[in-house]
Amino acid sequence: MKITNNTVVGLTYELKVSKEEEEVESAPFSVEVRDGEDPFYFLFGNSGLPEKFEELLAGKTQGDSFSFVLTADEAYGPADDEMIMSLPKSQFSGERGFEPGMLEEGNFLPLVDENGFPMQAKVLKDLGEDILLDFNHPLVGFDLHFDGEIHEVREATAEEIAHGHVHGEHGHQH
């Protein structure tokens, strides 16, 4: 079966990222590996993934391999300064499950957006009473190097199409 809209696609892949800074391209480093034990499933045509990512997979079938690079612009775009804000530290209290060590510079804080979806904010600076956080997607500004294989392609169920997400993916139950 070919990958088309409203198919459910399972992928195994390694994702590496690189960043071009001042004309020096960093060597790609691995940020995520999904293997046959834990493939990445998504509903094609309604995945919230970068459009270009889906375009490059369209028409492939199970067992096909893929290897491509999305530039930062094709992926999550450049960082947005408006996504950097300072918040009072009192919002990250022990009662809310935050430990003091979690607020160290460079850490990612596990947060939830207004729709209840998990998101991450990077701690940029400890300002004393406040803390400076970056809410940009962690892959903003990076080129994404995907190398993998189509693990499975199947028709989506009516329910999956209605809800726009796949059942049985690990850790994404709503």
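The structure we're discussing is the one just above.
Remember, predicted model here, so these are calculated numbers, not experimental data.

Calculation criteria
- Residues numbered from 1 in each chain as written.
- Predicted model: local features only at pLDDT ≥ 70, side-chain atom pairs only at ≥ 80, totals over all residues.
- Heavy atoms only, no water.
- Helix = DSSP H or I, 4+ residues; strand = E, 2+ residues; numbered from the N terminus.
- Contact = heavy atoms within 4.5 Å.
- Phe/Tyr/Trp six-rings, centres within 6.5 Å; stacked < 30°, edge-to-face > 60°.
- Buried < 20%, exposed > 50% of the residue type's maximum accessible area, 1.4 Å probe, protein only.
- Lys NZ or Arg CZ within 6 Å of the ring centre and 35° of its normal.
- Pairing = 2+ DSSP bridges.
- Axes fitted to C-alpha atoms, helices over the stretch in contact; angles between N-to-C directions.
- Core = buried A, V, L, I, M, F, W, Y, C linked by side-chain atoms within 4.5 Å.
- Polar contact = N/O pair within 3.5 Å; in protein donor to acceptor, adjacent residues only side chain to side chain.
- Salt bridge = Lys/Arg side-chain N within 4 Å of Asp/Glu carboxyl O.

## Points about the environment of Gly 101
- Positionally, Gly 101 belongs in the loop between strand S7 (84-88) and strand S8 (108-112).
- In this structure the C-alpha to C-alpha distance between Gly 101 and Met 1, which are 100 residues apart in sequence, comes to 49 Å.

## With respect to the environment of Glu 74
- When you line up the elements, Glu 74 lands in the loop between strand S6 (65-70) and S7.
- As a C-alpha pair, Glu 74 and Glu 51 span 23 residues in sequence and 7.8 Å in three-dimensional space.
- Discounting residues that sit within four places of it in the chain, Glu 74 has contacts with Pro 50, Lys 52 and Val 69.

## A look at the packing of aromatic side chains
- Under the counting rule described, the total for this entry stands at 11 aromatic pairs.
- Ring geometry for Phe 42 and Phe 44: centres 6.3 Å apart, planes at 40 degrees, overall tilted.
- A relative accessible area of 6% means that Phe 44 is categorised as buried.
- Over the ring of Phe 142 we find Lys 19; its NZ or CZ atom is 4.5 Å from the centre of that ring.

## Re the sheet that holds strand S10 (residues 130-134)
- An order of S7-S10-S9-S8 is seen for the 4 strands of this open sheet, with the pairing classed as antiparallel. Where the open sheet ends on each side, the last strands, each with one partner, are S7 and S8. Each strand of the sheet is rotated relative to its neighbour by a mean of 40 degrees, with strand direction disregarded.
- As judged from the 5 bridges shared by S7 and S10, these two strands associate in the antiparallel manner. Residue Leu 87 lies in a different strand from S10, and its bridge partner there is Ile 131.

## Focus: the nonpolar core
- Core analysis: the biggest nonpolar cluster contains 21 residues, and Leu 11, Leu 57, Leu 144 and Phe 146 have the highest contact counts within it.
- Elements supplying a minimum of two residues to this core: strand S1 (7-18), strand S5 (40-43), helix H1 (51-57), S6 and strand S11 (143-155).
- Once residues lying within four places of it in the same chain are set aside, the contact partners of Leu 57 are Ile 3, Leu 11, Phe 42, Phe 44, Phe 66, Phe 68 and Ile 150.
- Within the second largest apolar cluster, 11 residues are counted, among which are Leu 109, Ala 121, Ile 131 and Phe 135.

## Looking at the side chain of His 145
- Inspection of the secondary structure puts His 145 in strand S11.
- Only 2.8 Å separates the side chain of His 145 from the side chain of Ser 18, close enough to count as a polar contact.

## Looking at the pattern of salt bridges
- Evaluation of the coordinates by the stated rule reveals 6 salt bridges.
- Notably, a salt bridge pairs Lys 52 with Glu 74, separated by 3.9 Å at the nearest N-O pair. In this pair, Lys 52 is assigned in helix H1 and Glu 74 in the loop between S6 and S7, connecting sequence segments 22 residues apart.
- Taking the relative accessible area as the measure of exposure, Glu 74 reaches 30% and is therefore partly exposed.
- Asp 126 is the salt-bridge partner of Lys 89, the closest N and O atoms lying 2.9 Å from each other.

## Digging into the pairing of S11
- Summarising the sheet, S1 and S11 pair through 12 bridges and their orientation is antiparallel. Along S11, the bridge assignment pairs Thr 12 with Glu 149.
- The pairing of S6 with S11 spans 6 bridges and is antiparallel. Across the sheet, Leu 70 pairs through a bridge with Leu 144, a residue of S11.

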